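# Inside the fold
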Amino acid sequence: MRNIVKEIESKFSNHDDFFIEEELVDSSAIYLIGYKTLVDLTKSKLYVHQMAASTNSVKELFTNLSGQINVESEQVIKAVLEGNLVIFSHNGEENAVVDPIVQNLRSSIAEPKNESPIYSSLDAFGEDINTNLGMIRKRLGSENLCHCSYQVGELEKRKLSMLYIKGRTPNALIEKVDHQLKQIKSDIETIDDLNKQFGQRRLSPVSHLFATELPIQAIHSLKKNRIVFFLDNCPFALVFPHLIGDMLSSVNDRNFPFILSVLLRIFRVIGAFATLILPALYVALVSVNPEVFKTDLALFVAKSREGIPLSAFLETIAMVVLVDLILEAIVRLPKSVGPAITMVGGVILGQAMVEAKLVSNLLVIVITAVVIASSAVIGMQNSLYIRLLKYPILILASIFGILGVCIGFIFTVIYLASLTSNDIPYITFQIGQKGDVK
Amino acid sequence: MTNRIQIGVIFIIINLSFGYLVYPNLIYTLAKTAHWEVVLCQAFLQLLLIWIYFKGLSFFPEKDVIDIYLKMGRWFTFIFLTPLIINLVTLFALNIRLHTEVIISIFLPRTPYWSIMILLFFISIYTAVKGLGTILRSSVIIFLIVIPLVLLNIFTSVVNFDVHNVTPSWSLPHKFLFNIKFLYLIGFSSFLFLGFISSNTKLKLRHLLVPWVSVTLFFLTVVYIPLFIFGQEAVVTLNNPFLEAMDSIDISWFSFNRQAIFFGVSLVGLVILTNAVLLWMIGQIIQKMLKRQKEELSYWMMAISMIAVILSIFIPSKSLIEKYFLWSTNVQAFFMFVIPITIFIYGFLAKRGVFGYEK
């Protein structure tokens, strides 16, 4: 065994799943190197022997097996880490990096877990970046679909792919994003780590990236002049830039007749709007500006709050926080326990709190409406940030009444309007090939 | 295309914001009958000035008003634009204070005015600091929320109309044309900002026709709704005729007691955006005149708005505010004549090659 093989062996001495196997091919020995955990050794051996049977020399075998022959030792190490099989000749002078028969570590293409589309194809993106890219290529067979791949990170080099349609996505945007991706120094562990690379939005609840599980949605975004990223081991297509339209319209809507899809989108707008202002409006109308109602309505509202010790603001904020806690708890719990929380939560919120006269009937109705409304928007992250933005409006409403609701809502609108990613504003519905179109 | 819609929208918003409060009072003092003649004359005068303005600006493609003044010479810029800044700051301060008084009287009669004023100031400053793009984008959404409310107000007020209140509607002594107050009316139609954004859009006069028509219609309704409801004799004695008119409406099937709250809600949206535009204009002038960095601009705007806050807090009474507000719109009217005309003349002469100006 020659120096270079020894060197590699010493480098991987702490890795128990590392193997160096000696094999005899054409009466000369070769060494197979790789990870047992990543390479299916038995099948790979068989494959090498089958290939060897039809070749005459080791050199010919190497050429047939691989496109990467006689690489430097650093690249050998990198190839091993990436899960490739490396073959050395007996004297260690020749080597080849072979795509092995891999251990199957991935789940196969499955149905989406975070979205439930109706009237649509049910494939969702998986863990493997190449599978995901393949899913896009298969559905969008166009020569203009461009793919740039990057390896980013400090500790581990993580694969990152950028897809765009040439001639549609603005060139300036592509160059800017390309520059930003090449600047990445730190590890990209989560979607938010990638999000941070697109400029300062540290305290913003709205991400630069819209994550979707559905290939058709990703392809639709590509066709709408946007960029799609794929991270290795991340079962989402990350659409850049994230626009407000992602919250309100999905490509699946258009499987219905036009008028129905418009209706669906209007419902989502109402949902977002109601989530933002309903709790605040309740507080404002009950505690600060009851005089705007007609007398009978005002009396009805006052009656429903009769004997309730908490102030309107306190009861509302308590209920809103409680509901958000329940939503979070359901996510955390195993599937078998989740329904229990739903039931207990429903009973407590619906019956017990009202009967104990802690909160008013009317508030329970309002809160229920808000929970339902906040789930009407597309995408969990959008639903979450809409739920977050209702708190400032609620606080303003408790101080200034209807005026507070109004100012709070306008402030929210202005805030959303001020967001941009790489000079593309968040509040646009389309990106033109040069600039933006509202 | 879209930018034009946004600019049209913000043009309507600014006119609405100025038109709601003091404008009807001024019209009532100008004419006893046939108010529509005054409004229409004012509208056509406005259109004429906008035309001159655009014509002047079209001599200088890719340039805004400040660039053109800087081209005329530094001293010109200082002489014309420093008073404009001072006027804009006072207008900014008085506009917010005036609106705050009305908003308080609608929503929260017992709350001290400064708390709401500072809130409005804060949001206006925030919007202005975020820049023109933010103003334009948010204006479209706020427009979509505010305009239905305005229309609701206008259409629900029909129930109280009494046609006899506005007769006779024809009268032809055009004395008002020679009244200096007629020229002051122009101060309420804010179009100066159009020249500040012309550098990055190709705005033409015809794109503004639809906004102009809707603004004129709106001015007519603002003047005529109180007239229809109260009549000329009663209207001149009222402080805020439009607000009183809204308060007088009572629709039995509607679950809200007061129409005025919708009026108030629309006022909030309008005043925030209008003030953001004013502040943005101030910032633009300062930045270009003193050649400051864009990053520094937000500090300048904050400093200027602090002055405005102090100014508006220290005005003691509501009647004084209205008086000062009228004065500052009068000054505004002066600029609305001077700036388009100087730019037009300069552009005309420059095109003739009088100053050796080359394209």
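Residues numbered from 1 in each chain as written. Chains lettered and ligands numbered in written order. Predicted model: local features only at pLDDT ≥ 70, side-chain atom pairs only at ≥ 80, totals over all residues.

This brings us to the overall build of chain B. What chain B contains, in helices and strands, is 15 helices and zero strands. The globule rule puts the C-alpha radius of gyration for 359 residues at 21 Å, and the 20 Å found for chain B is close to it. Considered along the principal axes of its C-alpha atoms, chain B spans approximately 65 × 50 × 40 Å. Burial statistics for chain B: of 359 residues in total, 48% are counted as buried. Residue pairs in contact within chain B that sit at least 24 positions apart in sequence constitute 83% of those at least 6 positions apart. (Helix = DSSP H or I, 4+ residues; strand = E, 2+ residues; numbered from the N terminus. Rg over C-alpha atoms; globule rule 2.2 N^0.38 Å. Buried ≥ 20, exposed ≤ 12 C-beta atoms within 10 Å, placed from the backbone. Contact = placed C-beta atoms within 7 Å.)

The subject of this paragraph is the overall build of chain A. Counting its secondary structure elements, chain A contains 16 helices and 14 strands. Computed over C-alpha atoms, the radius of gyration of chain A comes to 29 Å, more than 25% over the 22 Å expected from 2.2 N^0.38 for 438 residues, which places it beyond the range of a compact globule. Projecting the C-alpha coordinates of chain A onto the three principal axes gives extents of approximately 100 × 50 × 40 Å. Out of the 438 residues belonging to chain A, those deemed buried represent 37%. A fraction of 63% describes how many contacts in chain A between residues 6 or more apart in sequence connect residues 24 or more apart.

Quick look at the interface of chain A and chain B now. Counting residues at the interface gives 22 residues for chain A and 27 residues for chain B. Looking at the side of chain A that touches chain B, the element that brings in the most residues is helix 16 (residues 402–418) of chain A, giving 10 residues. Class assignment for the residues of the side of chain A that touches chain B results in 16 nonpolar, three polar and three charged. (Nonpolar A, V, L, I, M, F, W, Y, C, P; charged D, E, K, R; others polar.)

Moving on to the pairing of strand 10 (residues 237–240) of chain A. Residues and elements named next belong to chain A. Covered by surrounding structure in strand 10 are Ala237 and Val239 together with Leu238 and Phe240, the residues of both alternating faces. Sheet topology note: the strand 8 (residues 210–212)/strand 10 ladder contains three bridges and is antiparallel. Looking at the pairing, Ala211 lines up with Leu238 of strand 10. Summarising the sheet, strand 9 (residues 227–231) and strand 10 pair through four bridges and their orientation is antiparallel. (Pairing = 2+ DSSP bridges.)

Hydrogen bonds between backbone groups are what pair the strands of a sheet, and the pairing can be parallel or antiparallel. Residue and element names in this part refer to chain A. Spatially, the five strands line up as an open sheet ordered 1-2-4-5-3, and their pairing is antiparallel. Only two strands of the sheet have a single partner each, and these edge strands are strand 1 (18–25) and strand 3 (68–69). As paired strands, strand 4 (residues 85–89) and strand 5 (residues 95–98) are joined by four bridges and run antiparallel to one another. When the sheet's bridge partners are listed, Leu85 is paired in strand 5 with Val98. Strands strand 1, strand 2 (28–35) and strand 4 of the sheet are contacted by helix 2 (residues 41–53), whose axis makes an angle of about 25° with strand 1. (Axes fitted to C-alpha atoms, helices over the stretch in contact; angles between N-to-C directions.)

As a further point, take helix 2 of chain A. Note on helix geometry: an α-helix contains 3.6 residues per turn, so any two residues three or four positions apart are oriented the same way. Residue and element names in this part refer to chain A. In a regular helix each residue adds 1.5 Å, so 13 residues correspond to 18 Å; helix 2 covers 18 Å between its end C-alpha atoms and thus fits that length. Within helix 2, the full set of buried residues consists of Ser44, Val48 and Ala52. For helix 2, the angular spread of the buried residues around the axis is 75°, confining them to a single face. Every exposed residue of helix 2 that faces more than 90 degrees away from the buried side is listed here: Thr42, Leu46, His49, Gln50 and Ala53. Against the buried residues of helix 2 lie strand 1, helix 3 (58–65) and strand 4. (Expected span 1.5 Å × (residues − 1). Arc of directions from axis to C-beta.)

Residues and elements named next belong to chain A. The five strands lie next to each other as 6-7-9-10-8, forming an open sheet whose pairing is antiparallel. Every other strand in the sheet has two partners, leaving strand 6 (145–152) and strand 8 as the edge strands with one partner each. Direction aside, the axes of adjacent strands within the sheet are offset by 25° on average. Contacting strand 6, strand 7 (158–165) and strand 9, helix 5 (residues 129–139) crosses the sheet at an angle of about 10° to strand 7.

Residues and elements named next belong to chain A. Closest axis-to-axis distance for the helix 10 (residues 258–288)/helix 12 (residues 312–332) pair is 9 Å, and the angle between their directions is 160°. Here helix 10 lies roughly antiparallel to helix 12, going by the angle between them. Crossing of helix 10 over helix 12 shows right-handed handedness. On helix 12, the residues that touch Pro279, Tyr282, Val283, Val286 and Ser287 of helix 10 are Ala312, Phe313, Thr316 and Val320. The residue inventory of the contact of helix 10 with helix 12, partitioned by class, reads seven nonpolar, two polar and no charged. (Parallel < 35°, antiparallel > 145°, perpendicular 65-115°, else oblique. Left-handed = near helix turned anticlockwise from the far one by under 90°.)

What follows is about the domain arrangement of chain A. Partitioning chain A into structural domains gives domain 1 (3–98), domain 2 (129–241) and domain 3 (255–421). Of note, the centres of domain 1 of chain A and domain 3 of chain A, computed from C-alpha atoms alone, are 62 Å apart. (Domains from an automatic or database assignment.)

In this section: the nonpolar core. If you look at the biggest cluster of nonpolar residues, it comprises 173 residues, and the most contacted ones within it are Leu403(A), Val405(A), Ile407(A), Ile410(A), Ile10(B), Val268(B) and Val277(B). Counting residues per element, this core draws most heavily on helix 13 (residues 260–290) of chain B, which supplies 20 residues. With residues up to four places along the chain from it excluded, the contact list for Ile407(A) reads Leu396(A), Phe400(A), Leu119(B), Ile123(B) and Val268(B). In terms of nonpolar packing, the next biggest core, distinct from the first, is built from 31 residues, Phe125(A), Tyr164(A), Ala218(A) and Ala237(A) among them. (Core = buried A, V, L, I, M, F, W, Y, C linked by C-beta atoms within 7 Å.)

Residues and elements named next belong to chain A. Here strand 5 shows a buried face lined by Asn95 and Val97 and a second buried face lined by Ala96 and Val98. Pairing of strand 3 with strand 5, which is carried by two bridges, proceeds in the antiparallel orientation. Bridging from a neighbouring strand, Gln68 pairs with Val97 of strand 5. Linking strand 4 back to strand 5 in an antiparallel pair, the connection comprises five residues, with Gly92 at a positive phi of about 80°.

It is worth spelling out the packing of helix 4 (residues 65–72) of chain B against helix 15 (residues 318–352) of chain B at this point. Residue and element names in this part refer to chain B. Contact geometry for helix 4 and helix 15: axes closest at 11 Å, N-to-C directions at 55°. Here helix 4 lies oblique to helix 15, going by the angle between them. Seen along the crossing, helix 4 lies across helix 15 with a hand that is left-handed. Facing helix 4, whose interface residues are Val65, Ile68 and Met72, helix 15 presents Ile339, Ile343 and Tyr346. When the residues that make up the contact of helix 4 with helix 15 are grouped by side-chain class, the tally is six nonpolar, no polar and no charged.

Moving on, we come to the environment of Glu143(A). All names here are of chain A. For Glu143, the position within the fold is in the loop between helix 5 and strand 6. Accessibility expressed as a C-beta count within 10 Å gives 6 for Glu143, which makes it exposed. Along the chain, Glu143 and Lys166 lie 23 residues apart, while their C-alpha atoms are 8.7 Å from each other.

What follows concerns unusual backbone geometry. All names here are of chain A. Geometrically, the link from Phe240 to Pro241 is a cis peptide bond, its omega value of -10° lying close to zero. With respect to the secondary-structure elements, Pro241 resides in the loop between strand 10 and helix 9 (245–248). Although it is not a glycine, Tyr119 sits at a positive phi angle of roughly 60°. Within the fold, Tyr119 resides in the loop between strand 5 and helix 5. C-beta crowding within 10 Å serves as the criterion here: with 9 such atoms nearby, Tyr119 is assigned to the exposed category. The phi torsion at Asn225 lies on the positive side, around 70°, for a residue other than glycine. Assignment of secondary structure puts Asn225 in the loop between helix 8 (215–223) and strand 9.

Residue and element names in this part refer to chain A. Turning to its location among the elements, Asn233 is positioned in the loop between strand 9 and strand 10. Accessibility expressed as a C-beta count within 10 Å gives 11 for Asn233, which makes it exposed. On a C-alpha basis, the gap between Asn233 and Val413 in space is 35 Å, while along the polypeptide they are 180 residues apart.

Let's shift gears to helix 4 of chain B. Residue and element names in this part refer to chain B. Within helix 4, the full set of buried residues consists of Val65, Ile66, Ile68 and Tyr69. Along the axis of helix 4, the buried positions cluster into a sector of 160°, meaning they face one direction only. Contacts from the buried residues of helix 4 go to helix 5 (74–106), helix 9 (193–197), helix 13 and helix 15. Just beyond helix 4, the residue with positive phi is Gly73, at close to 140°.

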